[in-house]
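Inside the fold
These are the residues of each chain, in order.
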Amino acid sequence: MRNLAVLFCSLFCLVFSLGSAMPLEYTLHENDKSKTLTAILATGVVEVGDVQRLQSFLRKLILKKNIAIYLGSPGGNLYEGMRLGLFLNQNRIRTVVEGGNDCASACALAFLGGSDNDGKPWRSSSTDSRLGFHAFKGVAGKAIHLNEVQSIVADMLLYGKQVSAPIDLLIAGFSTPSEGIFWVSNSDLCSLGIKLWSNDTNRFLCNN
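Here's what I pulled together on the structure shown here. (Residues numbered from 1 in each chain as written. Predicted model: local features only at pLDDT ≥ 70, side-chain atom pairs only at ≥ 80, totals over all residues. Heavy atoms only, no water.)

What about the nonpolar core?
Across soluble globular proteins, nonpolar side chains show a tendency to be buried alongside one another. Test applied: Within this scheme, the nonpolar core is defined by two criteria: the residues are buried Ala, Val, Leu, Ile, Met, Phe, Trp, Tyr or Cys, and they are joined through side-chain atoms within 4.5 Å. Exposure categories follow from relative accessible area, calculated using a 1.4 Å probe and restricted to protein chains: below 20% of the type maximum is buried, above 50% is exposed, and the middle band is partly exposed. In this description a helix means any DSSP run of H or I spanning at least four residues, a strand means any run of E spanning at least two, and both kinds are numbered starting from the N terminus. Every residue pair with non-hydrogen atoms within 4.5 Å of one another is taken to be in contact.
Ranked by size, the top nonpolar core spans 42 residues in total, and within it Y26, L54, I69, L109, L112 and L131 carry the most contacts. At the level of elements, β2 (37–43), α2 (50–59), β3 (66–72), α3 (78–90), α4 (106–111), β7 (130–133), α5 (146–162) and α6 (167–175) are the ones that each hand at least two residues to this core. Here this core takes 6 residues from α4, the largest share from any one element. Among all residues touching L131, those that are not within four sequence positions of it are V97, C103, A108, F111, F182, W183, V184, L189 and I194. The next biggest cluster of nonpolar side chains, apart from the first, holds 6 residues, and it includes A39, A68, V96 and W122.

As structure tokens, then:
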């Protein structure tokens, strides 16, 4: 039991090592020129308050038929990542990781909230971008009680259910040490129902 507690403590403590970086910054993406797409670029570190900032940003826009957020972030706060994913899911906002960008850790959790106008999952990556999951680092010198660990595990599983996330991705995160990242392969993206865009051919290789 003690070994299990140590394992889960290492998996699910929040990441604060990125706390000194800039929180997510929201700007219009170049694809916003489309007449039917409101395109938002979100870059930086996932931090508490990002959902409120996104809400404020959206209020200033004249929203079009479809909304998509283009994510580029190394991660950040676990719970804010899930809150962001829920917000995207509830507001029918698609998620994209475009070519050359990484979306990892808390960003990858937010990515799972992508949804189309019918409330169905809509998540897209590309052949030269990376989507990564891993365990969360603990705070130096701060212990976490097993009950807290169990609560965090339950919250993550509930979140996955709420956004219809592929359970295999959560399992991959649980199984990957905090110092490493499980980068999802292109073939796995397709098999998990995530759209895969090829910048070489300018078309979707899989469009589930």
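Once the structure has been displayed, the description carries forward.
Concerning the environment of S129
Where we set the bar: Any N or O atom pair separated by 3.5 Å or less is treated as a polar contact, with the protein-specific requirement of one donor-capable and one acceptor-capable atom, and with residues adjacent in sequence counted only for side-chain atom pairs.
Residue position: S129 is located in the loop between β6 (123–126) and β7. C-alpha separation for the pair S129 and C103, spaced 26 residues apart in sequence, amounts to 8.3 Å. Not counting the four nearest positions on each side in its chain, S129 is found in contact with V97, E98, G99, G100 and N101. In terms of polar contacts, S129 uses its side chain to reach the side chain of S125, at 3.0 Å. Looking at S129, its side chain comes within polar contact range of the side chain of S126, at 2.9 Å.

What to know about the sheet that holds strand β1 (residues 25–28)
Test applied: Strand pairing requires that DSSP identify at least two bridges connecting the strands. Only the stretch in contact is used when fitting a helix axis, every axis being a line fitted to C-alpha atoms; angles between N-to-C directions are given from 0 to 180 degrees.
Read across the open sheet, the 7 strands follow the order β1-β2-β3-β4-β6-β9-β10; overall the sheet is mixed. Of all strands in the sheet, those bounded by a partner on one side alone are β1 and β10 (203–206). The mean inter-strand angle of the sheet, taken between neighbouring strand axes irrespective of direction, is 30 degrees. Taken together, the 3 bridges between β6 and strand β9 (residues 195–198) define a ladder with parallel strand orientation. Across the sheet, the residue bridging to S124 is K195, located in β9. Along the sheet face, α2 touches β1, β2, β3 and β4 (93–96) and points at about 25 degrees away from the line of β1.

Observations concerning the pattern of salt bridges
Applicable threshold: We define a salt bridge as a side-chain nitrogen of Lys or Arg found within 4 Å of a carboxyl oxygen belonging to Asp or Glu.
Following the criterion strictly, the structure yields 4 salt bridges and no others. When the shortest N-O distance is used, the salt bridge between R130 and D102 registers 2.9 Å. Within this pair, whereas R130 is found in strand β7, its partner D102 is found in strand β5 (residues 102–104), the two being separated by 28 residues in sequence. Classification of R130 as partly exposed rests on a relative accessible area of 39%. Residue class for D102 comes out partly exposed when judged on its relative accessible area of 30%.

A short note on the pairing of β10
A regular strand places its side chains so that they alternate between the two faces of the sheet. Bridge analysis of β9 against β10 gives 3 bridges, and the strand direction is antiparallel. Paired with W197 across the bridge in β10 is F204. The hairpin turn running from β9 into β10, its antiparallel successor, is 4 residues long, and N202 in that turn takes a positive phi close to 55 degrees.

Some words on the side chain of E80
Within the fold, E80 resides in helix α3. Taking relative accessible area as the criterion, E80 reaches 3% and is therefore assigned buried. Polar side-chain contacts of E80 include one of 3.1 Å to the backbone nitrogen of D50. Here V51 takes part through its backbone nitrogen, which lies 3.0 Å from a polar atom of the side chain of E80. Those residues in contact with E80 that lie beyond four places of it in its chain are V46, E47, V48, G49, D50 and V51.

Some points on the sheet that holds β7
Pairing is mixed across the open sheet formed by 3 strands, whose spatial order is β5-β7-β8. Lying at the two open borders of the sheet, with one neighbouring strand each, are β5 and β8 (182–183).

Just geometry here; none of it tells us what the structure is for.
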